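Given next are the chains, with one letter for each unit.
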2 protein chains.
Amino acid sequence: MPEQAGATGHRPAPVHTHPDDVPLLTALAALADPVRMHLICTLAKHPDWTLSCSNFDVSVGRAAKSHHFSVLRDAGLVEQRDQGTKRLNRLRREEFDARFPGLLALALRAA
Amino acid sequence: MPEQAGATGHRPAPVHTHPDDVPLLTALAALADPVRMHLICTLAKHPDWTLSCSNFDVSVGRAAKSHHFSVLRDAGLVEQRDQGTKRLNRLRREEFDARFPGLLALALRAA
DNA sequence: AGCAATGTAAGATGAGGATCGAACATTCAG
DNA sequence: CTGAATGTTCGATCCTCATCTTACATTGCT
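Here the residue index of a chain counts from 1 through its sequence in written order. Note on labels: chains are lettered from A, ligands numbered from 1, in written order. Totals for whole chains, interfaces and linings use all residues, but because this is a predicted model, local features are given only for residues with pLDDT of at least 70 and pairs of side-chain atoms are given and counted only at 80 or more. Each side-chain value is worked out from all heavy atoms of the structure, with water and hydrogens disregarded.

Asks: Provide a residue-level description of the protein's contact with DNA strand C, including the pertinent values.
Replies: Taken together, 26 residues surround DNA strand C, and among them Gly9, Gly61 and His68 of chain A together with Ser66 and Arg87 of chain B come closest. A share of 87% of the atoms of DNA strand C within 4 Å of the protein falls on sugar and phosphate groups. The term polar contact refers here to a pair of N or O atoms within 3.5 Å; inside protein, the definition further demands a hydrogen-donor-capable atom paired with an acceptor-capable atom, and it admits residues adjacent in sequence only when both atoms are side-chain atoms. In the environment of DNA strand C, a phosphate oxygen lies 2.6 Å from a nitrogen or oxygen atom belonging to the backbone of glycine 61 of chain A. For this classification, the nonpolar set comprises Ala, Val, Leu, Ile, Met, Phe, Trp, Tyr, Cys and Pro, the charged set comprises Asp, Glu, Lys and Arg, and every other residue, Gly included, is treated as polar. Along the lines of polarity and charge, the residues of the surface near DNA strand C split into six nonpolar, 12 polar and eight charged. If even one non-hydrogen atom of a residue comes within 4 Å of a molecule or strand, that residue is called near it.

Have a look at this one:
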């Protein structure tokens, strides 16, 4: 059977939403969850691109964790990059802060 | 039949939670709703104690509106006072801002 | 007293979302 | 090539919550 032309074998890169395109309610809803807040706090304590998804210690299974990262991407809070079998993460501090000044700092401080 | 001693005939005063006692997630969840955000925005545009619940123009029935005000009280965002058959409202700007500095201003600006 | 207005309480309903288990794809190591 | 590790996707389940309808309480007006 013919193979697809241009098939690279790469898995699809994660879909991101820029903070500038995120509605306020979407950002608030993303932050209003204990698991996601824990992910963000952990992410804030480590350098960019040093944590893969499996490194986060939360009390939910892989599927739920994957779901939460998807929500965080859609809210413009997290950026992801594939490296090997792992998916590395980065908190979009500056970009998100430009869209919602002070919100992320407030959440990290009050959490 | 004996009447209750001390019965004043007043209806129970609304129960409030001070912003200092409000968890971050509670505040964020309260703000992450379009109806409640609309209530807060409307409240922010009028002087304190000038709007009764029925003055807010939202697309839900009385019962749902009452529920939303209850959520806002629990989140330390709104204070209420009874006057006649009406229940007057006030946005707890300063108190809430002391607990979550900048959050309310951000929400009002971005909404 | 009778009535309209305002708001709350209780029960039912429906939608959204958080979770899990299982199956699958991709990548790397051996 | 085989296997292990990492994430995603799908279907099912469960629970929370927003909403409505109805009933009720309080207040003020006539």
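Asks: Give me the protein's contact with DNA strand D: which residues, what numbers.
Replies: Around DNA strand D, 24 residues are found, and the nearest of them are Ser66 and Arg87 of chain A together with Gly9, Gly61 and His68 of chain B. For DNA strand D, the backbone portion of the atoms within 4 Å of the protein, that is sugar and phosphate, comes to 86%. With respect to DNA strand D, the side chain of serine 52 of chain A contributes an N or O atom lying 3.3 Å from a phosphate oxygen. In the environment of DNA strand D, a phosphate oxygen lies 2.4 Å from a nitrogen or oxygen atom belonging to the side chain of serine 66 of chain A.

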